[in-house]
Amino acid sequence: MTRYIIMVFAGACCFGILSTFVKVAYHEGYSTADISGSQACFGMLVLWALYLLQRQKSPSASQPHTASWKVMLAGTSIGLCTHLYYLSVQWIPASVAIIFLMQFTWIGLLLEWLIYGKRPSLLQGIAAFLIMTGTIMASGMSIRHHMALPVKGVLLAIAAATVYGIYIVASGRIGNELPALKKSALIMTGSTAAIFLVATPGFLFMPKLLSGLVKWTIFLGLFGTIIPPLLFSAGIPKTGVILSALLMTVELPVAVITARLVLHEHISLLQWSGVVLMLFAMALPPLQQLAAKRQ
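In this text the structure is predicted, and so the values were computed from the model without any measurement.

(A) Up close: helix α5 (residues 94–101). For α5, the tally of buried residues reaches eight of eight residues, placing the bulk of the element in the interior. All of the buried residues along α5 are A94, S95, V96, A97, I98, I99, F100 and L101.

(B) Just the side chain of Q103, in detail. Turning to its location among the elements, Q103 is positioned in the loop between α5 and α6 (104–116). Here Q103 falls in the buried class, since its relative accessible area comes to 6%. Leave out the neighbours within four places in its chain, and Q103 touches I131, M132, T135, A161 and M278.

(C) Fine view of the packing of aromatic side chains. Under the defined criterion, the tally for this structure stands at eight aromatic pairs. Between the aromatic rings of W48 and Y51, the centroid separation amounts to 5.9 Å while the plane-to-plane angle is 75°, which identifies the pairing as edge-to-face. Here W48 pairs with Y51, and both are found in helix α3 (residues 32–57), just three residues apart, close to one helical turn. The exposure class assigned to W48 is partly exposed, which follows from its relative accessible area of 25%. Judged by centre distance (6.2 Å) and plane angle (90°), the rings of W216 and F219 are edge-to-face. Of this pair, W216 and F219 are both found in helix α10 (residues 210–239), three residues apart, which corresponds to roughly one turn of the helix. Residue class for W216 comes out buried when judged on its relative accessible area of 9%.

(D) A look at the state of the cysteines. What the rule picks out here adds up to zero disulfides. No disulfide involves C41; its sulfur sits 19 Å from that of C81, the nearest cysteine. Of all cysteine sulfurs in the structure, the one in C14 sits closest to C81, which takes part in no disulfide; the separation is 16 Å. Judged by relative accessible area, C81 falls into the buried class, the value being 5%.

Rules and cut-offs
Residues numbered from 1 in each chain as written. Predicted model: local features only at pLDDT ≥ 70, side-chain atom pairs only at ≥ 80, totals over all residues. Heavy atoms only, no water. Buried < 20%, exposed > 50% of the residue type's maximum accessible area, 1.4 Å probe, protein only. Helix = DSSP H or I, 4+ residues; strand = E, 2+ residues; numbered from the N terminus. Contact = heavy atoms within 4.5 Å. Phe/Tyr/Trp six-rings, centres within 6.5 Å; stacked < 30°, edge-to-face > 60°. Disulfide = S-S within 2.5 Å.

On their own, these measurements won't tell you what the molecule is for.
And the structure:
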């Protein structure tokens, strides 16, 4: 079991470092479209290659029938989320962008209620309130009267969280009978298509841009679209959704710590308190379910 716990934990850590290094790529002069587009495209190609290799080794394996376009359509939401999230870090600190992105936890609950009539429990409602309170603290808004966060950056990060919430709700119901590699490859195909449609990366018309961008393409592709899905596919079925949800909250402190170490972003005691409050709130529902399951 320890091995699978480490897999889920490591996958969440991979996601946590992305925004910081996207900011570094910005400092080198690359655009959001090129960064997000090349990352998605690289991830899509590698995942399809891995899936085809797997098929060659076990050609007789049964392939459940499902509408591929539905899975790709769900994948467009994660592509839009990635692009909007990367856009947001142009305007606000990486350590703050991740805090707004984590609002997908209560946004997902709200969407489940509005679309499927699945009403949140009292504890989930309390957790959502604590997350929003922690967000205000962690973003530093209460102590930044003279240096308010740019509205554009905040709105972009919230939009990314909303689209991520849509992805979580959709992906949990679509294509679950597919092999993990095939589902991941289809999702990344939809993700790539969405980014290419809304942003039109420059490297599509000027391939020479890839010569300098390739290091970020590989780095962000590996840690953003290849390694985490593979780790989650192997680890989550063994650890269970409840424990996995707890482990995946590590993405938040990892993002904040990475931004502090790499970008030297200032993080006050109030902001750290907000991060701790958010982690506590996100852990409440899974902890309750874990306790109920043991009883």
